[in-house]
Number of protein chains: 4
Amino acid sequence: MEEYRLLINTSDEKGLVYNISKVLFEHGLNIENNAEYVDNDTNKFFMRTVISGEIKREKLLSDIKKILPKDAQIKLSLKAKKNIVILVTKETHCLGDILIRYVDGELDANIKAVISNHNTLQNLVEKFDIPFKYVSHEDLTREEHEEKIIEVIKKFDYELIVLAKYMRILTPNFVRNFPKQILNIHHSFLPAFIGANPYKQAFQRGVKIIGATAHIVTDDLDEGPIISQDIVRVDHTYSWQNMREAGRNVEKIVLSNALNMFIKDKIFVHGNKTVIL
Amino acid sequence: MEEYRLLINTSDEKGLVYNISKVLFEHGLNIENNAEYVDNDTNKFFMRTVISGEIKREKLLSDIKKILPKDAQIKLSLKAKKNIVILVTKETHCLGDILIRYVDGELDANIKAVISNHNTLQNLVEKFDIPFKYVSHEDLTREEHEEKIIEVIKKFDYELIVLAKYMRILTPNFVRNFPKQILNIHHSFLPAFIGANPYKQAFQRGVKIIGATAHIVTDDLDEGPIISQDIVRVDHTYSWQNMREAGRNVEKIVLSNALNMFIKDKIFVHGNKTVIL
Amino acid sequence: MEEYRLLINTSDEKGLVYNISKVLFEHGLNIENNAEYVDNDTNKFFMRTVISGEIKREKLLSDIKKILPKDAQIKLSLKAKKNIVILVTKETHCLGDILIRYVDGELDANIKAVISNHNTLQNLVEKFDIPFKYVSHEDLTREEHEEKIIEVIKKFDYELIVLAKYMRILTPNFVRNFPKQILNIHHSFLPAFIGANPYKQAFQRGVKIIGATAHIVTDDLDEGPIISQDIVRVDHTYSWQNMREAGRNVEKIVLSNALNMFIKDKIFVHGNKTVIL
Amino acid sequence: MEEYRLLINTSDEKGLVYNISKVLFEHGLNIENNAEYVDNDTNKFFMRTVISGEIKREKLLSDIKKILPKDAQIKLSLKAKKNIVILVTKETHCLGDILIRYVDGELDANIKAVISNHNTLQNLVEKFDIPFKYVSHEDLTREEHEEKIIEVIKKFDYELIVLAKYMRILTPNFVRNFPKQILNIHHSFLPAFIGANPYKQAFQRGVKIIGATAHIVTDDLDEGPIISQDIVRVDHTYSWQNMREAGRNVEKIVLSNALNMFIKDKIFVHGNKTVIL
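Residues numbered from 1 in each chain as written. Chains lettered and ligands numbered in written order. Predicted model: local features only at pLDDT ≥ 70, side-chain atom pairs only at ≥ 80, totals over all residues. Heavy atoms only, no water.

Considering the overall build of chain A
Here is step 1 of the chain: Along chain A, the regular secondary structure elements total eight helices and 13 strands.
Here is step 2 of the chain: Relative to the 2.2 N^0.38 estimate, which gives 19 Å for 277 residues, the radius of gyration of chain A is 21 Å and therefore close to what a compact globule would have.
Here is step 3 of the chain: Projected onto the principal axes, the alpha-carbon positions of chain A cover approximately 60 × 40 × 35 Å.
Here is step 4 of the chain: The buried share of chain A, taken over its 277 residues, is 57%.
Here is step 5 of the chain: Considering only residue pairs separated by 6 or more positions, chain A has 66% of its internal contacts joining residues 24 or more positions apart.
Here is step 6 of the chain: Here chain A has roughly 11,300 Å² of accessible surface; of this, 46% comes from carbon and sulfur atoms.
Here is step 7 of the chain: Each charge sign in chain A was given a centre, from 38 positive and 38 negative side chains, and these centres are 1 Å apart. (Helix = DSSP H or I, 4+ residues; strand = E, 2+ residues; numbered from the N terminus. Rg over C-alpha atoms; globule rule 2.2 N^0.38 Å. Buried < 20%, exposed > 50% of the residue type's maximum accessible area, 1.4 Å probe, protein only. Contact = heavy atoms within 4.5 Å. Areas by Shrake-Rupley, 256 points an atom, 1.4 Å probe, with all protein chains shown as cover. Lys, Arg positive; Asp, Glu negative; His and termini not counted. Charge placed at Lys NZ, Arg CZ, Asp CG, Glu CD.)

If you want it as structure tokens, here you go:
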């Protein structure tokens, strides 16, 4: 029996849970798992329900739509492998972590391609029989390079673009092509140390903890909705290179955790925040 | 408008969410917050719903009972200060943390009394105008001493007994007097280091992390359902006394967090585990 | 036998450890504990040595001075209770944590006075038989108020000023009166959320982790050398008030830990950083 | 200029630091980094010094030996890649993490071979051009199988055997062949959940935190000196399989960190504990 995830995001009103569960009940579906959240500040209702049973997709969506406020966003997602495309530059650790999970069968995703502005990681990627696309940015404007990257991405089936340490700043135009579909790992504990070389910044500030942040990419660099963060302790003996090395463990785990949440349809984007159910 | 917490714990069946939310809807109540969990292994359903509106208590309980399986346990708890009695021996840190939260208004509870087998903490407790009851165990059997303690406790209105480093082993008879009403802090990361002087045990084993565990007290010493745990890192420079000192911070925070969960009616006991909603 | 802590901070050169340990050996002193750190970037050498034995203070300092580079800073500190003065505004948790450690004998310090611009905490402080000095800032300029505070502080023997949530911005003049002697707790994970109401800022940014930072106060607000930091996880269900409540546990523990490091003479200020030995 | 690590482990006596630093000074060597620890309980002195300069190895060792107590253990280790052999069974994550660090150049080691009692991971290992040796345990007694494994290991140059989830119990005879040279990752927060399937045990006990432990292997299963531990939070929604999945992240990071400490000669074995300098 197949499992579906029903995601509802709407303005709140009395009886929502009752009305939604009524539709599911009348369709004869089982609720395997249910989580709701009401943001009282903005009067928004979020619900993620895992349902099983024989689903008549169109009928179900239409019946649910009827009983929800007009602004409701509804998503019905089959529990199945998601297609992802990964963008990288030169660093091994985040990509490597994803590849090992992939080969292990732990990652519930199909990696359709890895795309890079350098060919440093080609050898590693091809060990795993995954297409590697080298799109150099040399002699190209940022816009021209992005056009080429977009073109390559769109050749593949994708539901998510994972920036696994892709070290190029993205233009709003690029982001607009993949709304809420780009996942980035930033190598600092945002909003601390926005911009270039956060580990050097952290070193110069003399912090005792460093971190990493996975977020959805929006127009504003390093300002997108945060999905997941984690930290690691450092001390005065750490050079910025030591901090970078210690940070790699956090970066890769935070990115993989955020990727898992995406794959499991657990993330709602709510303004510049996320609701994780 | 008053807020209530409705806690339901029952065997699972299709339509539970629908049927419960229907009753709430028909009573004209608002769902402020709702969390459910289904344990598929044991086929058990848990729900905690925060509701507001004009509540007809008896009618509501009876209507909900009707639509639930026979084994259902239902609890309807007004959001209000809980009455607690605290048992201590000689250590200051856990009690002190609770007292400071109390005086701050942060603790949503009335401390009805502090009871101890020593008078070490009398001075501290009385600073806060809280009754201190000294019940020495000298010249008494364990049973006799417990009888006296039970007698003192029962003079007060209480919903929870907090063992804030009460260093006496409790007999099953004592525990039976307060079923699921005793909260204990154990000064180790259970199930490691059960029994006496866990910090000495941890030191001798050479662990690199120590911890603390808050749990509901049952007949089996240190075996009750765990509510909350936390840890702190140590290294080879720590004597067992240093470990104890470092552990105090963890003990008091873990105990206070677990106490908050109890006060907010967030804890379900499920066999020898807890479900926290 | 008394214990001393010898702290040396100097430019690095070959043979320092040898020469220093030679002097200690010739004085017949035992090294109970020794830690060194060389910062190769700035060519600075730091050493903290715990020594015991019969100490001829002046002779020892003079002998050590002879074998060190000219820029050397030497401190010889008897292991004994430090005198501290605490500044607060209205919040209970940081002060309360210190008071409980104090009454427990866990804090190796004499609290000479608590000073505040409000009288909110007077009652609490006086429970512990500690002088409380209320210095209202009403109808005073910042400078006038600070003058009064400085005057009150200087009436007491003090080695450290602890800002336990003192919510007033300090002028450079105030800070200059107590160089490297003011310890502050900032209620964010610096350098994130500098300035007013960090929890509101954290809430608006949608972070998944919040934190606190203890630092030495310098002229630049929230920019002083960091001693200690810690974090706690939050999620979308946290209002900024919930974040503030969760943050309190971190604030008080981080402040108490930093205070302990100060009391144990473990902190070197090195530019805008700290070296903790 | 080459760097060496000098490790000294001896009974403590007055003047050790002076005498050792004197020898280093007379040899014209630079101390790049120095850490000491005295265990007052057992009167043992530990020192790890990073030295640079022109080293006359035999003369230096002999000069140091002269000024140390008779029971002193001295090790002088060139800063260079260490040779390691890895034993695995079927799980990918720990091995995969090491392989990615290896291909990245982050791991300061030569992986001489991966040996397994199953051929599951052969394909992965050979992607990285590392010899994979399949030594099935089928139809063999434990002793016979171990003899074969020992024989294979001894064909390679090795300084450390890494058990990266090698799921066979080792006999004392095996361990005796590689004293203090076997590093193991145990998938629990030792000493909790010794033995088989710790995640199932953790699930049944209802813990709120799970962990992993890297340790040196000695005769007693899961009782060897602990090098490193870390944890991850879980809750009632985790099945034991979910715990296992969450635990993998901790296992691989803890193992890699412990491996780094070994490679950097930071670990002293002190009874059934470790001193990490």
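What to know about the interface of chain D and chain B
Here is step 1 of the chain: Contact residues are listed per partner, giving 32 residues for chain D and 32 residues for chain B.
Here is step 2 of the chain: Of the roughly 2,800 Å² buried where chain D meets chain B, counting both sides, 55% is carbon and sulfur surface.
Here is step 3 of the chain: Contact with chain B buries surface across chain D, with Arg205, Lys208 and His236 of chain D losing the most and accounting together for 26% of the total.
Here is step 4 of the chain: The tally of links from chain D across to chain B stands at four salt bridges. (Buried area = accessible area lost by both parts, 1.4 Å probe. Salt bridge = Lys/Arg side-chain N within 4 Å of Asp/Glu carboxyl O.)

Quick notes on the relation of the copies chain C and chain A
Here is step 1 of the chain: Taken as rigid bodies, chain C and chain A are interconverted by a rotation of 180 degrees and an axial shift of 0.0 Å, the fit giving an RMSD of 0.0 Å. Here the transformation between the copies is reduced to the relation of a two-fold axis. Distance from the rotation axis, computed per C-alpha, reaches its smallest value in chain C at Ala192 of chain C: 2.3 Å.
Here is step 2 of the chain: A shared binding surface is used by both copies, with 100% of the interface residues of chain C retained as interface residues in chain A. (Least-squares fit on C-alpha atoms with pLDDT ≥ 70 in both.)

What to know about the pattern of salt bridges
All names here are of chain C.
Here is step 1 of the chain: This structure, assessed with the given rule, holds 60 salt bridges over all chains.
Here is step 2 of the chain: Between Arg5 and Asp265 there is a salt bridge whose closest N-O contact spans 3.0 Å. In this pair, Arg5 sits in strand E1 (residues 3–11) while Asp265 sits in the loop between helix H8 (240–263) and strand E12 (267–270), placing the two residues 260 residues apart along the sequence.
Here is step 3 of the chain: On the accessibility criterion, Arg5 (7% relative accessible area) is buried.
Here is step 4 of the chain: The exposure class of Asp265 is buried, given its relative accessible area of 4%.

Thoughts on the interface of chain C and chain A
Here is step 1 of the chain: Every contact between the two is made by 32 residues of chain C and, on the other side, 32 residues of chain A.
Here is step 2 of the chain: Three residues, Arg205, Lys208 and His236 of chain C, lead the burial of chain C against chain A; their summed loss comes to 26% of the area buried on that side.
Here is step 3 of the chain: Counting every contact that joins chain C to chain A gives four salt bridges.
Here is step 4 of the chain: Linking Arg205 of chain A and Glu223 of chain C is a salt bridge whose minimum nitrogen-to-oxygen distance equals 3.7 Å.
Here is step 5 of the chain: Our count for the chain C to chain A interface comes out at 19 residue pairs in polar contact (both at pLDDT 80 or more).
Here is step 6 of the chain: Elements that contribute at least two residues to the side of chain C that touches chain A include exactly helix H7 (198–205), strand E11 (226–233) and strand E13 (273–276) of chain C.
Here is step 7 of the chain: No other element matches the seven residues that E11 of chain C contributes to the side of chain C that touches chain A.
Here is step 8 of the chain: Counted by class, the side of chain C that touches chain A contains 15 nonpolar, nine polar and eight charged residues. (Polar contact = N/O pair within 3.5 Å; in protein donor to acceptor, adjacent residues only side chain to side chain. Nonpolar A, V, L, I, M, F, W, Y, C, P; charged D, E, K, R; others polar.)

Quick word on the relation of the copies chain D and chain B
Here is step 1 of the chain: By a simple turn and slide, chain D fits onto chain B: the slide is 0.0 Å along the axis, the RMSD is 0.0 Å, and the turn is 180 degrees.
Here is step 2 of the chain: An overlap of 100% is found between the interface residues of chain D and their copies at the interface of chain B, pointing to a shared contact surface.

Some thoughts on the sheet that holds strand E7 (residues 132–134) of chain D
All names here are of chain D.
Here is step 1 of the chain: Taken together, the seven strands give an open sheet; going across it, the order is E7-E6-E5-E8-E9-E10-E11, and neighbouring strands pair in mixed fashion. A single partner strand is all that each edge strand has here, and the edge strands are E7 and strand E11 (226–233). Direction aside, the axes of adjacent strands within the sheet are offset by 20 degrees on average.
Here is step 2 of the chain: Pairing of strand E5 (residues 82–88) with strand E6 (residues 109–116) involves seven bridges; the strand directions are parallel. The residue of E6 that forms the bridge with Lys82 is Ala109.
Here is step 3 of the chain: Packing against the sheet, helix H8 (residues 240–263) makes contact with E5, E6, strand E8 (160–163), strand E9 (182–186), strand E10 (209–216) and E11, and its axis sits at approximately 155 degrees to E11. (Pairing = 2+ DSSP bridges. Axes fitted to C-alpha atoms, helices over the stretch in contact; angles between N-to-C directions.)

Concerning the packing of aromatic side chains
Here is step 1 of the chain: Tallied over the full model, the rule gives 26 aromatic pairs over all chains.
Here is step 2 of the chain: Note on Tyr18 of chain A and Tyr18 of chain B: the rings are 5.9 Å apart at their centroids and 5 degrees apart in plane angle, and the pair reads as stacked. Here Tyr18 of chain A is found in helix H1 (residues 16–26), whereas its partner Tyr18 of chain B is found in helix H1 (residues 16–26) on a different chain.
Here is step 3 of the chain: Ring centres of Phe174 of chain A and Phe178 of chain A lie 5.2 Å apart, and the angle between their planes is 55 degrees; on these two criteria the pair is classed as tilted.
Here is step 4 of the chain: Take Phe178 of chain A: its relative accessible area is 0%, and that puts it in the buried class.
Here is step 5 of the chain: Put simply, the rings of Tyr18 and Phe25 of chain A together with Tyr18 and Phe25 of chain B pair up and form one aromatic cluster. (Phe/Tyr/Trp six-rings, centres within 6.5 Å; stacked < 30°, edge-to-face > 60°.)

Comments concerning the pairing of strand E2 (residues 30–39) of chain A
All names here are of chain A.
Here is step 1 of the chain: For E2 and strand E3 (residues 44–52), the ladder comprises nine bridges, and the chain directions are antiparallel. Considered in E3, the bridge of Ala35 is made with Arg48.
Here is step 2 of the chain: Counted between consecutive antiparallel strands, the loop separating E2 from E3 contains four residues, among which Asn43 sits at a positive phi close to 55 degrees.

Overview of a negative patch on the surface
Residue and element names in this part refer to chain A.
Here is step 1 of the chain: A cluster of like negative charges, contributed by Glu143, Glu144, Glu147 and Glu151, occupies part of the molecular surface.
Here is step 2 of the chain: Mapped onto the fold, Glu147 is located in helix H5 (residues 142–154).
Here is step 3 of the chain: What makes Glu147 partly exposed here is its relative accessible area of 44%. (Patch = residues over 30% accessible without salt bridge, like charges linked within 9 Å, V, L, I, M, F, W, Y side chains within 5 Å.)

Some details on helix H7 (residues 198–205) of chain D
Here is step 1 of the chain: Along H7 of chain D, the positions that sit buried rather than exposed are Pro198, Tyr199, Ala202, Phe203 and Arg205 of chain D. The buried residues of H7 of chain D occupy one face: seen down the axis, they fall within an arc of 170 degrees.
Here is step 2 of the chain: Buried residues in H7 of chain D make contact with strand E11 (226–233) and strand E13 (273–276) of chain B together with E9, E10 and H8 of chain D. (Arc of directions from axis to C-beta.)

What to know about unusual backbone geometry
Here is step 1 of the chain: The amide bond that connects Leu190 of chain B to the next residue, Pro191 of chain B, takes the cis arrangement and shows omega of 5 degrees.
Here is step 2 of the chain: Of note in this structure, Asn197 of chain A is not a glycine but carries a positive phi near 45 degrees.
Here is step 3 of the chain: Following the sequence through the fold, Asn197 of chain A ends up in the loop between strand E9 (182–186) and helix H7 (198–205).
Here is step 4 of the chain: Residue classification places Asn197 of chain A among the partly exposed positions, given a relative accessible area of 28%.
Here is step 5 of the chain: Non-glycine residue Lys165 of chain B carries a positive phi angle of around 70 degrees.
Here is step 6 of the chain: Along the chain, the position of Lys165 of chain B falls in the loop between strand E8 (160–163) and helix H6 (172–176).

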